[in-house]
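Coordinate analysis (summary)
Residues per chain are reported as follows:
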Amino acid sequence: MTHTVVSINNLTCRYGDFTAVKDLSFEVNQGEIFGFLGPNGAGKTTTLRTMMDFIRPDGGSIEVFGIDTRAEPEAIKARVGFLSSELVLWENWNGEQYIRWLEKVRHKPMLEEAQRLAQLLDFEMKRSLQGMSTGMKRKIGVIAALAHKPELLILDEPSIGLDPLMQQVFEELMIEVREEGRTVLLSSHDLSEVEAICDRVAIIREGELQTVENVANLTRLAFRWMNLTFKDEAAPIEGFDRINGVTDISTENGELRMRVSGDADMDTLIKHIAQYPVKDLQFDHPTLEEIFLTYYGREA
Ligand SMILES: Nc1ncnc2c1ncn2[C@@H]1O[C@H](COP(=O)(O)OP(=O)(O)OP(=O)(O)O)[C@@H](O)[C@H]1O
Ligand SMILES: [Mg+2]
């Protein structure tokens, strides 16, 4: 049975007259790594902050563990590891002092787990936070969000600034969290990371939900490129351009290339192709990046 950990119901958030999030709804289930994606300014941070009750909704609601975020924010926070996209640290401390302070705030032991994570992430717990690089600060942010072993992680661009090696460690940590039946909701602009670890994604644009989809399905259901070569010269573009779901037709070196959407009129297309002597036919599946760009609006 799927167990819902986060339920966002018709959420609307405004800054003055500007509506940053519009009627947004989706759910995150226990034990999944859920990616929250969208272009800059789409409303991701606003949504994630509303989950932590740092922002109050102007419409709709969010339930975390079945609790309304406005009703018992402290009860929720105790069970969540949150990482802000812009982490502000008390620079007079070192990592260990910061974690000890968090232990007091959260009333939970953290240091031992923090030290394990620090070792994996190659972070020096005794080094002053002052003057630390962006990536180093990100590491202590990740450690702080994970070290009390929360049931749910809400991470706003967690791996930004991490080098490829550390990004790999981060991905392994997320998979470890999932294997323990815990849940991750993360925003990211790194599509290779999303492809590597996310089970499902929600894509948001201008505050509105575009899709919620299984990552594996995204590539299967999306469009593909069809490349045709003919025994004689290439078939004329005319005719193809009237078939539903067929766009971006071009010819180059006798090859006809077209974009075929997931719901294109395949029957008409195949019959149209069959009028010409075909030498070869190939499908190219789009990269995940191409698919995301369609949702992000460039080709919408
Ligand atoms: N405090 C604020 N006051 C006014 N407008 C704001 C405020 N915070 C965010 N916004 C606006 O709300 C919209 C959504 O911002 P948000 O930070 O949620 O986007 P995002 O999806 O996290 O973007 P990014 O990928 O750049 O982090 C943007 O247009 C932003 O300019
Ligand atoms: Mg943001």
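First, a word on scope: everything that follows refers to the structure included in this document. As the structure is a prediction and not an experimental result, all values here were calculated from the model. (Residues numbered from 1 in each chain as written. Chains lettered and ligands numbered in written order. Predicted model: local features only at pLDDT ≥ 70, side-chain atom pairs only at ≥ 80, totals over all residues. Heavy atoms only, no water.)

Some words on the sheet that holds strand β3 (residues 33–37)
Here is the rule: Strands were regarded as paired on the criterion that DSSP finds at least two bridges between them. Comment: elements are numbered from the N terminus, with helices defined as DSSP H or I runs of at least four residues and strands as E runs of at least two. To get an axis, a line is fitted to the C-alpha atoms, and for a helix only the part in contact is used. The angle between two axes follows their N-to-C directions and goes from 0 to 180 degrees. Contact definition: two residues touch when any of their heavy atoms are within 4.5 Å.
Here six strands make up an open sheet; going across it, the order is β6-β7-β8-β3-β9-β10 and the pairing mixed. Lying at the two open borders of the sheet, with one neighbouring strand each, are β6 (80–83) and β10 (208–214). The average undirected angle you get between the axes of adjacent strands in this sheet is 15 degrees. Direction of pairing for strand β7 (residues 152–156) relative to strand β8 (residues 183–187): parallel, over a ladder of five bridges. By the bridge assignment, Leu155 is partnered in β8 with Leu186. Helix-sheet contacts for helix α1 (residues 44–51) involve β3, β6, β7, β8 and β9 (200–205), and the interaxial angle to β7 is about 145 degrees. Sitting on the sheet, helix α10 (residues 288–296) touches β3, β9 and β10, and the angle it makes with β9 is about 40 degrees.

Observations concerning the packing of aromatic side chains
Aromatic ring pairs are reported here in terms of the distance separating the ring centres and the angle at which the planes meet. Note the cut-off: The aromatic pairing rule takes the rings of Phe, Tyr and Trp, using the six-membered ring of Trp, and pairs them if the centres are within 6.5 Å, calling planes under 30 degrees apart stacked, those over 60 edge-to-face and the rest tilted. Only protein chains enter the accessibility calculation, which uses a 1.4 Å probe. A residue is then buried if its area is under 20% of the maximum for its type, exposed if over 50%, and partly exposed in between.
Evaluation of the coordinates by the stated rule reveals 10 aromatic pairs. Between Phe223 and Trp225, the aromatic rings sit 6.1 Å apart at their centres with planes inclined by 85 degrees, giving edge-to-face as the arrangement. Side by side, Phe223 and Trp225 carry an identical accessibility label, which is buried. Ring geometry for Phe230 and Tyr276: centres 6.1 Å apart, planes at 75 degrees, overall edge-to-face.

Section: the sheet that holds strand β13 (residues 255–260)
Neighbouring strands of a sheet are bound in pairs by backbone hydrogen bonds; such pairs are parallel or else antiparallel. Taken in spatial order, the four strands of this open sheet run β12-β13-β11-β14, and their pairing is antiparallel. Here the strands that pair on one side only, and so sit at the sheet edges, are β12 (246–252) and β14 (278–284). The mean angle between the axes of side-by-side strands here comes to 20 degrees, regardless of whether they run parallel or antiparallel. Helix α9 (residues 266–273) rests against β11 (224–230), β12, β13 and β14 of the sheet, and its axis sits at about 15 degrees to β11.

Comments concerning the pattern of salt bridges
To keep it simple, the criterion reads: What counts as a salt bridge is simple: a side-chain nitrogen of Lys or Arg found within 4 Å of a carboxyl oxygen of Asp or Glu.
Applying the stated criterion to the full structure yields 16 salt bridges. Notably, a salt bridge pairs Arg70 with Asp68, separated by 3.3 Å at the nearest N-O pair. A relative accessible area of 32% means that Arg70 is categorised as partly exposed. Overall, Asp68 belongs to the partly exposed group, its relative accessible area being 22%. A cluster of three or more residues bridged by salt bridges with shared partners is formed by Glu96, Arg100 and Lys126.

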